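These are the residues of each chain, in order.
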Amino acid sequence: MRFTLTILLMLLAGSCGRKPELPPLSSGINPIFCPRECEHMYVHAFDGDDEDAAFFFDGVLWMILFRPEEVIAVQPEDFFLRIDMSSYTAEMVPDDVGQEFMRKNYLASRDNQMEAQMARYLSMQLGEYYGVGIPMTVEYRKESCVSISIKADKTLFGEVPGTDLSEKFEFYTIPGYYNDFLFSADKKLIGRIEEGMSIKDYLRYEPIVFPQVVFRLVKDPVELPAEVRFDVEVELSGGKTFSESVAIELI
C-alpha cells in the first residue's frame, strides 16, 4: 500500500522518518546541481506495494532505468506512473557507473540564476538535517512545459478510449529528494511541487518542466479489472513533443 512505499522511500533516502522542518539554520548540504537537456522521455509504471518499489526511484543517482518487459498487475491505489525528462537513455549509460560519473556527464550548460535560488532555498530549509558537507544531487531542466496528457486505450472513468485523463492523476512527492523545484517560465522559483497537486494546477504556473516526476491516480476507476495502455505526451516550449506508452493491468 502507499504507506509501505512511503516507508521504503524514507529508508532509502536516509531521512529521519519525516519531511524536514524549516529551521533558520545555515546550510550543511553540498548541492550538486545537474542541468540536462530534454532529449528523451522515459515512462515507467510500477506497483507501490512491491517490496522492490523503492528501486524504481533510484535512491542514489535518480538515473533513468531499464523498464521491465512484463506487464505488471497492480491495484489502482498502488499504481504509480514515473516520467523522466533527460538527455540520456538507460542504454547510453555504461555499466557500474557511480555518482560522480552521472554528475559530470550528459549535462547542459548551467543556469546561475536558477541554481542561486535553489541553493538559497536549501540553505534556509534543510540546514544540518542531513549532516555537514553531504553531497546531494539536484536535477533540473531549463525548458518550459506547455502540456501533459495521459490517455488510455480502454474505457476508464466512463471516458472513451483516447480521452485525456490527466485530471485523474495527481503529483506524488518523495521524501528526501529535491528534484521537484517549481520554477515559472521566467525562471523565478515558486517553491516545490506539492503533494496532491493536479496537473492542471501545475500547468497554470507555465512551469519549467520537471526532471522526474511520479503520478498516482486520484481515485479508482470502476472498469476493473482492465489491461490498459497509457499513452503519455509532454509538450515543451518551442513545439518539442515527447510521446511514450506503458501498459499495466489494473486489478
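For the structure itself, consult the block above.
Quantities reported herein were computed from a predicted structural model and do not represent experimental measurements.

Cut-off values and rules
Residues numbered from 1 in each chain as written. Predicted model: local features only at pLDDT ≥ 70, side-chain atom pairs only at ≥ 80, totals over all residues. Heavy atoms only, no water. Core = buried A, V, L, I, M, F, W, Y, C linked by side-chain atoms within 4.5 Å. Buried < 20%, exposed > 50% of the residue type's maximum accessible area, 1.4 Å probe, protein only. Helix = DSSP H or I, 4+ residues; strand = E, 2+ residues; numbered from the N terminus. Expected span 1.5 Å × (residues − 1). Arc of directions from axis to C-beta. Polar contact = N/O pair within 3.5 Å; in protein donor to acceptor, adjacent residues only side chain to side chain. Pairing = 2+ DSSP bridges. Axes fitted to C-alpha atoms, helices over the stretch in contact; angles between N-to-C directions. Contact = heavy atoms within 4.5 Å.

Counting 38 residues, the largest nonpolar core has F79, L81, M85 and F230 as the members making the most contacts within it. At the level of elements, β2 (40–47), β4 (79–86), β6 (145–152), β7 (169–172), α4 (199–204), β10 (212–217), β11 (226–236) and β12 (241–250) are the ones that each hand at least two residues to this core. At six residues, the largest contribution of residues to this core is made by β11. One finds M114, Y140, Y178 and F183 within the second-largest nonpolar core, a separate group that totals 12 residues.

Another point: helix α3 (residues 112–125). Its 14 residues give α3 an end-to-end C-alpha distance of 20 Å, which sits within 8% of 20 Å, the value for a rise of 1.5 Å per residue. The set of residues buried in α3 consists of M114, E115, Q117, M118, Y121, L122 and Q125. Along the axis of α3, the buried positions cluster into a sector of 160°, meaning they face one direction only. When the buried face of α3 is taken as reference, the exposed residues oriented beyond 90 degrees from it are N112 and M124. Here α3 starts with a cap whose side-chain oxygen sits 3.2 Å from the backbone nitrogen of Q113, and that cap is D111.

Below, the discussion takes up the sheet that holds β7. Taken in spatial order, the four strands of this open sheet run β2-β4-β10-β7, and their pairing is antiparallel. The open sheet has two free edges, formed respectively by β2 and β7, since each of these has just one partner strand. If you compare each strand with its neighbour and ignore which way they point, the axes differ by 30° on average.

What follows deals with the environment of S109. Tracing the backbone through its elements, the reader meets S109 in the loop between α2 (99–104) and α3. Its relative accessible area of 48% is what places S109 among the partly exposed residues. In sequence terms S109 and R36 are 73 residues apart; their C-alpha atoms lie 7.8 Å from each other. Excluding residues that lie within four positions of it along the chain, S109 makes contacts with P35 and K142.

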